[in-house]
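Tertiary structure, described
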Amino acid sequence: MSLLTVTDLVKTFGEGDTATRVLRGLNLTLEKGQMAALLGPSGSGKSTLLTILGTLMQPTSGAHVMLGVDLTTATDAEQTAFRNRHIGFVFQFHNLLPDFTALENVIFPTAIREGRETAAARRRGADLLTRMGLAERIDYPSTNLSGGQKQRVAVARALMNAPELVLADEPTGNLDRASALQVMELIGQINRDEGTTFLISTHDEKIAATCTRQIIVGDGQVTG
Amino acid sequence: MLYALKIASRYLTASKAQTALLVLGVAVGVFIFIFMSALIGGLAEFILSRTAGDISHVTIEAEEIDPVLLLALPGEVLLAQETASETADLREAAGFIPLIEALPEVRAVSPQITGAGFLRRGTKVAQVTVTGLEAGRESAILNLDSYMVEGDARLRSGAVLLGRTLVDDMGLALGQTVVLQSADGVEVALTLTGIYQIGTGGGPDRRMAYVSLPTARTLFAMPQGLSRIEIKLFDLYAADAVTLRVEGLTGLPATSWTEDGAQLLEALKAQAQTGYFLKTFAMITIIIGVASALLLSTYRRRPEIGIMRAMGASRLFVVGVFVTQGALIGVLGGLSGAVLGYLALLPFPTRDAFRSGTLPMDITQGSYGLAITLTVIGAILASILPARAAARVDPVTAIGQ
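For clarity, every value in this text was computed on a predicted model and none was experimentally measured.

Turning our attention to the layout of surface pockets. Over the atoms rolls a probe the size of a water molecule, and in doing so it shows where empty space is left. All names here are of chain B. As a volume, the largest pocket reaches approximately 1,000 Å³. What lines the largest pocket is a set of 40 residues, and nearest its centre among them are Glu45, Phe46, Leu48, Ser49 and Arg50. At 10 residues, the largest contribution of residues to the lining of the largest pocket is made by helix H2 (residues 16-50). Class assignment of the residues belonging to the lining of the largest pocket gives a composition of 17 nonpolar, 13 polar and 10 charged. Looking at the lining of the largest pocket, you find at least three residues from each of domain 1 (2-51 + 265-399) and domain 2 (64-252). Approximately 670 Å³ is the volume attributed to the second largest pocket. For the second largest pocket, the lining is made up of 35 residues, of which Asp54, Ile55, Ser56, Arg228 and Glu230 are closest to its centre. Elements that contribute at least two residues to the lining of the second largest pocket include exactly strand E1 (58-61), strand E2 (106-121), strand E3 (124-133), helix H4 (144-147), strand E8 (208-212), strand E9 (228-233) and strand E10 (254-256). Residue composition of the lining of the second largest pocket, grouped by class: 15 nonpolar, 12 polar and eight charged.

Residue and element names in this part refer to chain A. For strand E1 (residues 2-13) and strand E4 (residues 61-66), the ladder comprises five bridges, and the chain directions are antiparallel. Paired with Thr5 across the strands is Val65, a residue of E4. Count of turn residues in the E4/strand E5 (residues 69-70) antiparallel hairpin: two residues, of which Leu67 carries a positive phi of about 50°.

This brings us to the domain arrangement of chain B. Domain parsing of chain B yields domain 1 (2-51 + 265-399) and domain 2 (64-252). With centres defined by C-alpha atoms, the gap from domain 1 of chain B to domain 2 of chain B works out at 54 Å.

By the element assignment, Glu304 of chain B lies in helix H10 (residues 302-310). A residue is classified by how much of its surface remains accessible, and Glu304 of chain B, at 10% relative accessible area, is buried. Those residues in contact with Glu304 of chain B that sit more than four places away from it in its chain are Leu97, Pro98 and Asp99 of chain A together with Tyr11 of chain B.

Our next topic: the interface of chain A and chain B. Counting residues at the interface gives 24 residues for chain A, matched by 23 residues for chain B. With both chains or domains summed, chain A and chain B bury close to 2,100 Å², and 64% of this area falls on carbon and sulfur atoms. At the boundary of chain A and chain B, one finds six salt bridges. A salt bridge links Asp76 of chain A to Arg309 of chain B, with the shortest nitrogen-to-oxygen separation between them at 3.4 Å. Taken together, the connections running from chain A to chain B amount to 12 residue pairs in polar contact (both at pLDDT 80 or more). For the side of chain A that touches chain B, the elements supplying multiple residues, two or more each, are helix H2 (76-86) and helix H3 (102-114) of chain A. For the side of chain A that touches chain B, the element with the most residues is H3 of chain A, which contributes five residues. A class-by-class count of the residues in the side of chain A that touches chain B yields 12 nonpolar, five polar and seven charged.

On to the sheet that holds E1 of chain A. Spatially, four strands are ordered E2-E1-E4-E5 (chain A) in an open sheet, and the strand pairing comes out antiparallel. Looking at which strands have only one partner, the edges of the open sheet turn out to be strand E2 (20-31) and E5 of chain A.

Applying the stated criterion across every chain, the model contains three cavities of 30 Å³ or more. Looking at the largest cavity, its volume works out to about 100 Å³. Going through the elements one at a time, helix H1 (2-14), H2, helix H9 (262-300) and helix H11 (315-345) of chain B are the ones with two or more residues in the lining of the largest cavity. If you tally residues by element for the lining of the largest cavity, the top one is H9 of chain B, at four residues. Looking at side-chain class alone, the lining of the largest cavity contains six nonpolar, five polar and two charged residues. The calculated volume of the second largest cavity comes to roughly 80 Å³. Lining the second largest cavity are 13 residues, and of these Asn84, Ile87, Gly88, Pro109 and Ala158 of chain A lie nearest its centre. Those elements that provide at least two residues to the lining of the second largest cavity are H2, strand E6 (87-90) and helix H5 (147-159) of chain A.

Rules and cut-offs
Residues numbered from 1 in each chain as written. Chains lettered and ligands numbered in written order. Predicted model: local features only at pLDDT ≥ 70, side-chain atom pairs only at ≥ 80, totals over all residues. Heavy atoms only, no water. 1 Å grid on protein atoms, 1.4 Å probe; cavity = no way out; pocket = protein on both sides within 12 Å on 5 of 7 lines; lining within 4 Å. Points joined across faces, edges and corners; volume = space filled by probe spheres on them. Helix = DSSP H or I, 4+ residues; strand = E, 2+ residues; numbered from the N terminus. Nonpolar A, V, L, I, M, F, W, Y, C, P; charged D, E, K, R; others polar. Domains from an automatic or database assignment. Pairing = 2+ DSSP bridges. Buried < 20%, exposed > 50% of the residue type's maximum accessible area, 1.4 Å probe, protein only. Contact = heavy atoms within 4.5 Å. Buried area = accessible area lost by both parts, 1.4 Å probe. Salt bridge = Lys/Arg side-chain N within 4 Å of Asp/Glu carboxyl O. Polar contact = N/O pair within 3.5 Å; in protein donor to acceptor, adjacent residues only side chain to side chain.

Following this line, the structure appears as structure tokens:
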């Protein structure tokens, strides 16, 4: 059962002579529960594709449908609400809010939807951090955590609203080998246990090997 | 918007020194606003109490008696009679006093007999304007009591109150006897029971003599009637309306102080406008200060705003965070400034104790509530521009920074 489909996706930056076409009629379907690695050389359009799939950017043309919703025609407010409810992000750099604790960072996506930090959100946030091996670090300021710990907090935050899709852009790019494998193991476990779909952009063949599907992007199109 | 409030407070507490400076800046603006309000208000109060506050706000005065017409015969000279020697009177006016006193706007009523006279002691003679006041109402209009430097303001029978300059010119001392002669030639011997000092030498301190109403009746040969009735109001700006009411009520000609005090009113209005300008500039300073600080904060927190947007925070939510920051700064700065202003005004004398030479600050006219309200509104308005800039942050480029 397909979670999302993109058809003839085109993204062009700039205009006229300086225009750069990054995506050139890209087609892709992701099934629910897949754990897919997105591979390709730098400049192949991986990050642009993830940004469009995350509704953070509009394609120049083409169709982007997720959970039956045509996201190319949705308004900014509709896309924002959709992103909050159905999509989680893990970035290469953890991107935690520096003035907040680990738990506050994790429950952030739920709190902005609910308008406050509910007890239920705190419980789920604490559970997620415990699963990430950070039970002792729940109330730590995010700035006091190590790089690997921060990235695990970022994974917990991406899962907070139980999204159908988590987009991860080089999630282990800034981590040492041990921390990278630890993060990938956690992602694999969540994929297996909860059926969350992951699309992980990476240059690392070993990281890609932990995924159940490899999607290769080259010259703005899916090539394999 | 509880969560926006939490984030806004967290941002403010995260940079304590910066927030403290910002709140202090706003507080100083509010302090200036309150200080100026108290000064302008106090000054107006002081000027009014020293000018319009000591004069009659509505005056009922007898119309001038036309001089007797002297028909000129061929070869003879036509003479005009001087009005100063003739005392006009309001024969039935005394009966209206209870009616006037019953008006809610009226603070005090003073029936008077006035006329010209000469003060004589030995070979020294001075021309004076004599005012006969009713006992117990000596300070009803001009607060004579507050200007007494020797003796007291009570006008007993046979007593006279004179100004410091006139007393010095005549070489008089308290308790001495002087002769007061009216323009009609009637003489009475009076005892100096009080010396007042209103100004710096001229005017009332040199030319006025206050006597009791019965003494004035004797001097000016007025067994009944009055020369004028002076009325003091609670709100001197209501004088024009009360004048019409008094005229309607009594049928007597009445005059509002504003007819002669137009220049004073203009001056007070100009002074108030100066105050408005200064307060407006204080508010503009607050708005610019808050706006620039929040704009800097927006720029510094661009990556975080990008993260919030990526996590599904709406543009409205981002606007809410920054507007709430502005409101919090406004509340904190407004309250701090109001407290500072109040404390700074405490050492100044109260409005009832204003004296020449002291700064007439009126602590009750600090406009504290207005200052806080305007500051909060100003800070919220100031935060709208940074908030809109924050809401327009592109999450992709912001996160990539």
